[in-house]
Amino acid sequence: MILVNPKRYDWGFKDPADRELMLRTIEFFESKGRGRIKKDDHERVWYRDFLDFQRDAGLFSTMLTPAADGGPGSRWDTWRICACNEILAFYALAYWYTWQVSILGLGPIWMSPNEAVRKRAAELLREGGIFAFGLSEKEHGADLYSTEMSLTPQGGGRYLANGRKYYIGNANEAAIVSTFGKFSDTGDYVFFAVGDRNPRFEVVKNVVATQNFVAEYALTDYPVTDAEILERGRDAWDAALNTVNVGKFNLGWASIGICTHAFYEALDHAGGRVLYGKHVTDFPHVRQLLADAYCRLAAMRLFAIRAIDYMRSAGPQDRRYLLFNPMVKMKVTTQGEEVINLLWDVIAAKGFERDTYFEMAARDIRALPKLEGTVHVNMALIIKFMPNFFFNPGRFDPVPRRDDPADDAFLFAQGPTKGLGGIQSHDFNEAYESVSLPNVSIFREQIEAFKEMLLKAGPDEGQRRDIDFLLTLGELFTLVAYGQLIIENCAIIGVEEALLDQIFDFMVRDFSAYALQLYSKTSSTPEQMDACLKMIRKPVADAERFGHIFEGHVMALRGAYTQND
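Residues numbered from 1 in each chain as written. Predicted model: local features only at pLDDT ≥ 70, side-chain atom pairs only at ≥ 80, totals over all residues. Heavy atoms only, no water.

## Digging into the overall build of the protein chain
Assigned secondary structure in the protein chain consists of 19 helices and 10 strands. Relative to its length of 565 residues, the protein chain is compact, with a C-alpha radius of gyration of 24 Å against a globular reference of 24 Å. Per-residue burial over the protein chain gives 61% buried out of 565 residues. Accessible surface, the protein chain: about 21500 Å² in total, of which carbon and sulfur atoms supply 51%. On the protein chain, the mean spot of the 63 positive side-chain charges and the mean spot of the 76 negative ones are 2 Å from each other. (Helix = DSSP H or I, 4+ residues; strand = E, 2+ residues; numbered from the N terminus. Rg over C-alpha atoms; globule rule 2.2 N^0.38 Å. Buried < 20%, exposed > 50% of the residue type's maximum accessible area, 1.4 Å probe, protein only. Areas by Shrake-Rupley, 256 points an atom, 1.4 Å probe, with all protein chains shown as cover. Lys, Arg positive; Asp, Glu negative; His and termini not counted. Charge placed at Lys NZ, Arg CZ, Asp CG, Glu CD.)

Take a look at the structure:
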């Protein structure tokens, strides 16, 4: 089964204790029921019951404390963290959000050499504490260069912090807020730990109208000592970016959780409707919409699971995760928006009804591409990998499935955040050559046309400064790497060829759509336009394959999951 189902939960944990912890989490939400979850959402109720549950269950403490800092069972294990991402968002994004911003707040702490703060953080987690990441500011967003938060030396290892941070989740109740700023005398960057119990910490307001508390907070002559300093100088800068590297991976998994629940609900609604004497799911356009939604969602999950393997296998000599990580953030979350759009076209006005999960999904799915760096920011990172990816691959040992219960210590020792353009990937052709399917073959031809364009009519100096042009170029590149990991994972878990070929049906169409966009750019040259025309292809239609996917994969899930009321 490609999609998660809480009623028949099986993530494949190697440690039985991990499965028990997730089943306990599922039971909390199922016992609470959809009615109460929706009521709390509409009334913007602070999720105290969930925070009490996670404290009593040791959910955050067990999953978010590295092995070196925690007790038995504690480790930073990306495999089980992603399982939790998916389940929390499956029930409501608000519960995922408080977990996510705790992950971000903990990042600079676990990367810090400050043993005292690390020990304190582990204790606070055991007590049920949540954490916050004080990075962005109202006037500058996440522009680290322009931060106005200052730390002014007072002598004797003492400082006064002054400034404001904006859009900071959990800051109303955070046990520790990891705060980024600059030393006022030298301009060097610094990360330091503050707490909202201090009267010099002012929670100005909640800047959003949801269950979450996303704060603007102000520090006014807030006392800090060397004991609260997490990182200084370049190390503080790297801690900020490396924390985002860890945290933004979770956003794709939140999209997967939301889309999966929405898919079950939309399918059950459509499958039970009769219009004009016909079942809704018998209409050809509805069948196409549902099949596309399912294939896109399956692809999201197949890609993201395989990306976990690269995250967990990363090291100083293998930094491929820095390509696949922003793709989980950017590509998977934007695909999530597309899945919800397709399902919404099926259920129409039903998607607005207050008692449905879908009403939350349609709202919350929009947030994920916009958090932890916009799509544009992450695409700018991805593009840096393109020359080596296509024309200078490296040699690496095959990366195995990484579902082992191990501590991912490297994620807190990633090192300098520069040099992305020099990172090599393995030869993507190996994955594409491993299968012989009609739509994969067409997609390979599109790739070759794209490579030819890059070699013979690549972007000129002006186009390299044109973000709009580069974003579309990046979308084409992203599809190639996206398909590569999907193929790799299909081989690992034994996905049938019919589903893989149906996935590449939409991949061929998407590649053609982006090629047409590139063709239509104001600055595109005649040579580039000719190359784009070669990329525009039609997938191979196969009624038998489509029917098998629709009946054997899509309709087979009708009634598979309904949330308890």
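## Comments concerning the packing of helix α9 (residues 321-347) against helix α11 (residues 375-383)
Remark: α9 packs on α11, axes separated minimally by 9 Å, with the N-to-C direction vectors making an angle of 140°. Taken as a pair, α9 and α11 cross one another with a handedness that is left-handed. Two secondary-structure elements touch here, α9 through L323, P326, M327, K329, M330 and T334 and α11 through V375, N378, M379 and I382. (Axes fitted to C-alpha atoms, helices over the stretch in contact; angles between N-to-C directions. Left-handed = near helix turned anticlockwise from the far one by under 90°. Contact = heavy atoms within 4.5 Å.)

## A few points about the environment of T472
The topology assignment puts T472 in helix α16 (residues 467-493). Under the relative-accessibility criterion, T472 is labelled buried at 4%. T472 sits 259 residues away from F213 along the chain, and the two C-alpha atoms are 35 Å apart. Apart from residues lying up to four places away in sequence, T472 is in contact with Y514, Q517, L518 and K521.

## Brief notes about the side chain of D40
Turning to its location among the elements, D40 is positioned in helix α1 (residues 16-42). D40 gets classed as buried once you look at its relative accessible area, which sits at 5%. Excluding anything up to four places from it in sequence, D40 contacts K32, V45, D49 and Q211.

## Let's talk about helix α14 (residues 438-457)
Counting along an α-helix, one turn takes 3.6 residues, and residues three or four places apart therefore face a common direction. Between its terminal C-alpha atoms α14 stretches 28 Å, which fits the 28 Å expected from 20 residues at 1.5 Å a residue. Contacts from the buried residues of α14 go to α12 (386-391), α13 (429-432), α16, α17 (497-520), α18 (526-535) and α19 (543-554). (Expected span 1.5 Å × (residues − 1).)

## Comments concerning the pattern of salt bridges
Applying the stated criterion to the full structure yields 47 salt bridges. R75 serves as the salt-bridge partner of D15, at 4.0 Å between the closest nitrogen and oxygen. Residue D15 is found in the segment before α1, and its partner R75 is found in the loop between α3 (59-64) and α4 (78-91); the two are separated by 60 residues along the sequence. Take D15: its relative accessible area is 24%, and that puts it in the partly exposed class. (Salt bridge = Lys/Arg side-chain N within 4 Å of Asp/Glu carboxyl O.)

## Some thoughts on the environment of G277
Summarising the element assignment, G277 is placed in the loop between β9 (274-275) and β10 (278-279). On the basis of relative accessible area, G277 is assigned to the exposed category, the value being 72%. Along the sequence, G277 and A122 sit 155 residues apart, while their C-alpha atoms lie 61 Å from each other.

## Side note on unusual backbone geometry
Here N170, not a glycine, exhibits a phi torsion of approximately 75°, which is positive. You will see that Y276, though not glycine, has its phi angle at about 55°, which is positive. Mapping Y276 onto the fold places it in the loop between β9 and β10.

## Description of the packing of aromatic side chains
Within the structure shown, the criterion is met by 48 aromatic pairs. Between F390 and F428, the aromatic rings sit 5.6 Å apart at their centres with planes inclined by 90°, giving edge-to-face as the arrangement. On the criterion of sequence distance, the pair formed by F390 in helix α12 and F428 in the loop between α12 and α13 is long-range, its members being 38 residues apart. When its relative accessible area of 5% is taken as the criterion, F390 is described as buried. Its relative accessible area of 1% is what places F428 among the buried residues. Ring centres of F443 and F511 lie 5.5 Å apart, and the angle between their planes is 80°; on these two criteria the pair is classed as edge-to-face. (Phe/Tyr/Trp six-rings, centres within 6.5 Å; stacked < 30°, edge-to-face > 60°.)

## As for a nonpolar patch on the surface
A cluster of nonpolar residues, L516, L533 and I536, forms a patch on the protein surface that exposes about 250 Å² of accessible area. On the secondary structure map, L533 appears in helix α18. For L533, a relative accessible area of 47% corresponds to the partly exposed category. (Patch = residues over 30% accessible without salt bridge, like charges linked within 9 Å, V, L, I, M, F, W, Y side chains within 5 Å.)

## Things to note about the pairing of strand β4 (residues 174-183)
On a regular strand, one side chain projects to one face of the sheet and the next to the other, so that they alternate. Of all 10 residues that make up β4, 8 are buried, and the element is covered over most of its length. By the bridge criterion, 5 bridges tie strand β1 (residues 130-134) to β4 in an arrangement that is parallel. Note that in β4 the partner of F133 across the bridge is S178. Of the pairings in the sheet, the one linking strand β2 (residues 150-155) to β4 comprises 2 bridges and is parallel in character. Residue L151 lies in a different strand from β4, and its bridge partner there is F183. In this sheet, strand β5 (residues 189-194) lies alongside β4 in antiparallel orientation, the contact comprising 6 bridges. What sits directly across from G181, in β5, is V190. Linking two consecutive strands that pair antiparallel, namely β4 and β5, is a turn of 5 residues; a positive phi of about 80° is found at G187 within it. (Pairing = 2+ DSSP bridges.)

## Remarks on the side chain of R80
Within the secondary structure layout, R80 lies in helix α4. Overall, the relative accessible area of 1% leaves R80 in the buried class.

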